[in-house]
Amino acid sequence: MHEVSLAGEILQIVEAAEKREKFARVTLLRVEAGVLSGVDVHALRFALEVMANGSCLQHAVIDITTPPGRAWCEQCCATVTMMARGDPCVHCGNYQLQPTSGMALQVTEILVEDEVGQATLKKGDE
């Protein structure tokens, strides 16, 4: 179950931000796990919730979104939406699709509180 190691890496990202930004706690963690990423979202959520105990994530809401995949069809040259690897092109039925998005696992937003109030760290702010 590689979701445990993925959850550990996400926790490391949050803890590095905590050390750098000096906040007290995380109130919301947003993670994006594309449908083509190969991540079991339920297992990832469970691992994050277990690992959160005793960390700055302890009482955070964990929001994991699963955007669809996109792919380019080699036969008809169309860009199509994919909900799973192995899906055929919806236009021509071809199975030779090159995924172009929906493969990533990334932290997209961290809403934090310090002793004064709230702040938001978004992807790219680091």
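A brief report on the enclosed structure follows. All values derive from a computational prediction rather than experimental measurement. (Residues numbered from 1 in each chain as written. Predicted model: local features only at pLDDT ≥ 70, side-chain atom pairs only at ≥ 80, totals over all residues. Heavy atoms only, no water.)

### Some points on the pattern of salt bridges
Applying the stated criterion across every chain, the model contains four salt bridges. For Glu21, the salt bridge is made with Arg20, and the minimal N-O distance between the two is 3.2 Å. The salt bridge involving Glu109 is made with Arg30; its shortest N-O contact spans 2.9 Å. Of this pair, Glu109 sits in strand 6 (residues 105-113) while Arg30 sits in strand 1 (residues 25-33), and the two are 79 residues apart along the sequence. Glu109 gets classed as buried once you look at its relative accessible area, which sits at 17%. Since its relative accessible area comes to 31%, Arg30 is described here as partly exposed. Among the ionic contacts, a cluster of salt bridges with common partners joins Arg30, Asp63 and Glu109. (Salt bridge = Lys/Arg side-chain N within 4 Å of Asp/Glu carboxyl O. Helix = DSSP H or I, 4+ residues; strand = E, 2+ residues; numbered from the N terminus. Buried < 20%, exposed > 50% of the residue type's maximum accessible area, 1.4 Å probe, protein only.)

### So, helix 1 (residues 3-21)
If you check helix 1, its first and last C-alpha atoms are 27 Å apart, about what 19 residues at 1.5 Å a residue would give, namely 27 Å. Every buried residue of helix 1 is accounted for by Glu3, Leu6, Ala7, Ile10, Leu11, Val14 and Ala17. For helix 1, the arc enclosing every buried residue in end-on projection is 140 degrees, short of the 170-degree limit, so these residues lie on one face. The exposed set on the far side of helix 1, more than 90 degrees from its buried face, consists of Gln12 and Lys19. Phi turns positive, to about 60 degrees, at Lys22, one or two residues after helix 1. (Expected span 1.5 Å × (residues − 1). Arc of directions from axis to C-beta.)

### Points about unusual backbone geometry
One non-glycine residue, Lys22, lies in positive phi territory at about 60 degrees. Relative to the helices and strands, Lys22 is located in the loop between helix 1 and strand 1. Take Lys22: its relative accessible area is 64%, and that puts it in the exposed class. Phi angles above zero are rare outside glycine, and Cys77 is one such case at about 60 degrees. As for its position among the elements, Cys77 is in the loop between strand 3 (69-73) and strand 4 (79-82).

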